[in-house]
Amino acid sequence: MAEMGYNSIQNLFCFLKQFYTAQNEMKNVIDFFDKYLKMDIEGKELGLKFVDEESGDLSINIGKIHIIDNELRISFDVRYPVKMKLETILAQINKVKKEHAFEMEIIKNQMPLYKEKDSYLVSTLLSIYEDVTGERGVQPISLSGGTYARALNNCVAFGARFKNQKSVAHQVDEFMDLENFKMLLKIYVETIYKLAN
């Protein structure tokens, strides 16, 4: 959830734009950040802004920057919607990099994971959730994060947070209320039973 964070790398380049005057390769990188990234996480300036109803907005996170053998390396993490094609992203990035004579390497690509909400798996999970909690009209959500569901065929991440529960995932002192834990246990037991039969 890049929109909830503050990207120090992008901010550094915004700062350098104000003071860096030497005309060299570093200036080229600073100009690239100023033109295409600034503090943008949606890829708008790069020409990559895209959203679909199923999985939401594309997001870009500049996660790492380092210098190796006098070479500046910047790592981008692009989380793209299920209806967007990787080829579209690569074509646009290739167009931009030619303007600045940068090299680009794809380190890893994982296709978006998506299951239709009316699929047997998702509709069964929603039905169990509604039966155990008493809530009605519950809709599945889609997140751009990584998930254990990629390790199995026909799998989705299911739980483990209720709508009125504050998100503390991956935070200091991550915890779960005992009553919520008991409710999740009922949901998971029912899920295992129904999906196994």
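Quantities reported herein were computed from a predicted structural model and do not represent experimental measurements.

**Remarks on the overall build of the protein**
Along the protein, the regular secondary structure elements total 5 helices and 4 strands. Going from the N terminus to the C terminus, the protein shows its helices and strands as α-α-β-β-β-β-α-α-α. Over its C-alpha atoms, taken along the principal directions, the protein stretches across nearly 65 × 35 × 30 Å. Of all 197 residues assigned to the protein, the portion counted as buried reaches 26%. A fraction of 53% describes how many contacts in the protein between residues 6 or more apart in sequence connect residues 24 or more apart. As presented, the protein carries roughly 14,200 Å² of accessible surface, and 54% of it is formed by carbon and sulfur atoms. One finds the centroid of the 25 positive side-chain charges in the protein at a distance of 1 Å from the centroid of its 28 negative side-chain charges.

**Regarding helix α5 (residues 178-196)**
Counted at 1.5 Å a residue, the expected span for α5 with its 19 residues is 27 Å, and the 27 Å between its end C-alpha atoms agrees. Within α5 the residues assigned to the buried category are Asn180, Leu184, Ile187 and Thr191. Buried residues along α5 cover an arc of 65° about the axis, so they all sit on one side. Turned more than 90 degrees away from the buried face of α5, the exposed residues are Leu178, Glu179, Lys186, Val189, Ile192, Tyr193 and Ala196. Buried-residue contacts for α5 involve α4 (120-133). Sitting at the head of α5, aspartate 177 places a side-chain oxygen 3.0 Å from the backbone nitrogen of glutamate 179.

**Looking at unusual backbone geometry**
Phi at lysine 38 takes a positive value of approximately 45°, unusual for a residue other than glycine. Despite not being glycine, aspartate 173 shows a phi value in the positive range, around 60°. Along the chain, aspartate 173 turns up in the loop between α4 and α5.

**Concerning the pairing of strand β3 (residues 59-68)**
Direction of pairing for β3 relative to strand β4 (residues 71-79): antiparallel, over a ladder of 9 bridges. Bridging from a neighbouring strand, asparagine 61 pairs with aspartate 77 of β4. Turn length for the β3-β4 hairpin, with the two strands adjacent in sequence and antiparallel, is 2 residues, and the turn residue aspartate 69 shows positive phi of about 50°.

Calculation criteria
- Residues numbered from 1 in each chain as written.
- Predicted model: local features only at pLDDT ≥ 70, side-chain atom pairs only at ≥ 80, totals over all residues.
- Heavy atoms only, no water.
- Helix = DSSP H or I, 4+ residues; strand = E, 2+ residues; numbered from the N terminus.
- Buried < 20%, exposed > 50% of the residue type's maximum accessible area, 1.4 Å probe, protein only.
- Contact = heavy atoms within 4.5 Å.
- Areas by Shrake-Rupley, 256 points an atom, 1.4 Å probe, with all protein chains shown as cover.
- Lys, Arg positive; Asp, Glu negative; His and termini not counted.
- Charge placed at Lys NZ, Arg CZ, Asp CG, Glu CD.
- Expected span 1.5 Å × (residues − 1).
- Arc of directions from axis to C-beta.
- Polar contact = N/O pair within 3.5 Å; in protein donor to acceptor, adjacent residues only side chain to side chain.
- Pairing = 2+ DSSP bridges.

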